[in-house]
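# Tertiary structure, described
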Amino acid sequence: MIQSKSIGSRIFNVFNVILMTLLSISCIYPLWYAFCLSVSSKSAANSGLVTFYPVGFSLASYQQIMGDAQFFRSFLISVERTVLGTIVTMLILIIFAYPLSKPASEYRPKNVIMWIVIFCMLFNGGTIPWYITMVKYGLIDNIWGLVLCGGLPVFNLILLINFYRGIPKELIEAAQVDGAGEWRILFRIVVPCAIPVLATLILFTSVGYWNEFFQGLVLSSGERHYPLQTYIKQMVVSIQTTNLSMDQIEKMDKLSNKSLDAAKIFIAMIPMLVVYPFLQKYFVNGIMLGAVKE
């Protein structure tokens, strides 16, 4: 590979490095700030002294969270919702996108179905009809309500359809010649070729389920059924100090609402940060290179 060594190209490369570094810092800093705030003392957090490093190191917020049963209950609800929701959504996308990726001559209802899907993406009946529908189906205070309430992610569907269309027809035709049916072609040929885009959609879907809070607020009658993000959104500290022992009052005196909220937010981000590196490799390397030789 021949690289340009001119002064202009070097200046451009330096500019790119600086720009990418600044963008990376802008993405990392909110996470770092939440961590610094969560381990800072009450006085430093309340007075706004925390910027780039912890001030008055304290683990009081994390100690308080360890004793918060509702936080872990909501955490488990979010984990269950994310896992089930991602599995259900990806199965629907994989199966639904396959016939819609075919030409209209092979699948005649394609154009009608696509118009219906696009129309539903642009227009909806509103929150109240949606809520009434969820009530009628008994999906209030139900994990399946949190899983199914999002419907079909049309944007992800379009991404998958476009990727399916790029799969060489020779692979499909070769499988048909060997006697493979549509289901076998889908799961033995198409899906393995689509692993990079499926990994991307899994990340989009799981992050969407994990970070969503409004539906949990509407479909739950009490905080016992809240997913984690809804619980964090509704966090209100209201403590009657008259009912606390001296030991508890001393602990509360070291605790800041800001640092406690930051600790909960930081812990809530960890699962997605752990999952992302396992999917990152599929964003870079495709597995279809060389699948069909000219």
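Refer to the structure printed above.
Along each chain, numbering runs from 1 in the same order as the chain's sequence is written. Owing to the predicted nature of the model, reporting of local features is limited to residues with pLDDT of at least 70; listing and counting of side-chain atom pairs is limited to 80 or more, with chain, interface and lining totals taken over all residues. With hydrogens and water excluded, all non-hydrogen atoms of the structure serve as input to the side-chain values.

### Side note on the overall build of the chain
Numbered from the N terminus, helices here are DSSP runs of H or I no shorter than four residues, and strands are runs of E no shorter than two. Assigned secondary structure in the chain consists of 15 helices and zero strands. Per-residue burial over the chain gives 34% buried out of 294 residues. Looking at the chain as shown, the accessible area adds up to about 18,600 Å², and 66% of this sits on carbon and sulfur atoms. Any residue under 20% of the maximum accessible area for its type is buried, any over 50% is exposed, and the rest in between are partly exposed; the area is computed with a 1.4 Å probe on protein chains only. Residue burial considers only the protein chains on display, and all accessible areas are found by Shrake-Rupley using a 1.4 Å probe.

### Focus on unusual backbone geometry
Even without glycine at this site, Asp141 takes up a positive phi of about 55°. Mapped onto the fold, Asp141 is located in the loop between α6 (127-136) and α7 (143-148). Accessibility expressed as a relative area gives 27% for Asp141, which makes it partly exposed.

### Here we look at helix α11 (residues 195-211)
One fewer than the residue count of a helix, multiplied by 1.5 Å, yields its expected span. Taking 1.5 Å as the rise per residue, α11 with 17 residues should run 24 Å; its terminal C-alpha atoms sit 24 Å apart, in good agreement. Residues of α11 that are buried include every one of Pro196, Val197, Leu198, Ala199, Thr200, Leu201, Leu203, Thr205, Ser206, Tyr209 and Trp210, and no others.

### Comments concerning the nonpolar core
Residues belong to one nonpolar core when they are buried, are Ala, Val, Leu, Ile, Met, Phe, Trp, Tyr or Cys, and are joined through side-chain atoms within 4.5 Å. Formed by 26 residues in total, the largest nonpolar core has its most connected members in Leu157, Leu160, Tyr164, Ile185, Leu186, Val190 and Leu198. Listing elements by their share of this core, those giving two or more residues are α4 (69-100), α5 (110-122), α8 (154-165), α9 (169-177), α10 (182-193) and α11. We call two residues in contact whenever any of their non-hydrogen atoms come within 4.5 Å of each other. In this structure, Leu160 is in contact with Leu93, Ile94, Ala97, Val197, Leu198 and Leu201, ignoring residues within four places of it in sequence. Formed by 16 residues, the second largest nonpolar core is a distinct cluster that contains Ile65, Phe71, Ile232 and Phe266.

### Re a nonpolar patch on the surface
Together, Val14, Ile18, Leu22 and Ile25 make up an exposed nonpolar region whose accessible area comes to about 380 Å². With respect to the helices, strands and loops of the structure, Ile18 is situated in helix α1 (residues 7-38). According to the relative accessible area criterion, Ile18 is partly exposed, its value standing at 46%. Residues enter patches when their relative accessible area tops 30% and they take part in no salt bridge; the joining distance is 9 Å for like charges and 5 Å for the nonpolar side chains Val, Leu, Ile, Met, Phe, Trp and Tyr. Only one rule defines a salt bridge in this text: a Lys or Arg side-chain nitrogen within 4 Å of an Asp or Glu carboxyl oxygen.

### Section: the environment of Val154
Positionally, Val154 belongs in helix α8. A relative accessible area of 10% places Val154 in the buried class. Between the C-alpha atom of Val154 and that of Leu122, which follows or precedes it by 32 residues, the distance is 9.8 Å. Aside from chain neighbours lying at most four places away, what touches Val154 is Val117, Ile118 and Met121.

### Quick look at the packing of α8 against α11
When two helices pack together, their arrangement is captured by the angle between the axes and the distance separating the axes. Viewed as axis vectors pointing N to C, α8 and α11 meet at an angle of 175°, and their least axial separation amounts to 11 Å. As judged from the angle between their axes, α8 and α11 are roughly antiparallel. Seen from α8, the contacting residues are Asn156, Leu159, Leu160 and Phe163; seen from α11, they are Val197, Leu198, Leu201, Phe204 and Thr205. Across the contact of α8 with α11, the residue classes tally to seven nonpolar, two polar and no charged. In this analysis, axes come from line fits to C-alpha atoms, helices being fitted only over the stretch in contact, and the angle between any two N-to-C directions falls in the range 0 to 180 degrees. By definition in this entry, angles of less than 35 degrees are roughly parallel, angles greater than 145 are roughly antiparallel, angles of 65 to 115 are roughly perpendicular, and the rest are oblique. Charged residues are taken to be Asp, Glu, Lys and Arg, nonpolar residues to be Ala, Val, Leu, Ile, Met, Phe, Trp, Tyr, Cys and Pro, and polar residues to be all remaining types, Gly included.

### Points about the packing of aromatic side chains
Whether two aromatic rings pair depends on their centres lying within 6.5 Å, for rings of Phe, Tyr and Trp, where Trp uses its six-membered ring; planes under 30 degrees apart make the pair stacked, over 60 edge-to-face, and the rest tilted. A full pass over the atoms with the stated rule returns ten aromatic pairs. When the ring of Tyr29 is compared with that of Phe52, the centres are 5.4 Å apart and the planes differ by 50°; the resulting orientation is tilted. Of this pair, Tyr29 sits in helix α1 while Phe52 sits in the loop between α2 (42-47) and α3 (60-66), and the two are 23 residues apart along the sequence. Ring geometry for Phe119 against Phe123: centres 5.0 Å apart, planes inclined by 40°, an arrangement best described as tilted. When sorted by exposure, Phe119 lands in the same class as Phe123, which is exposed. Here a set of aromatic residues connected by ring pairs shows up, and it is made of Tyr29, Tyr33 and Phe52.

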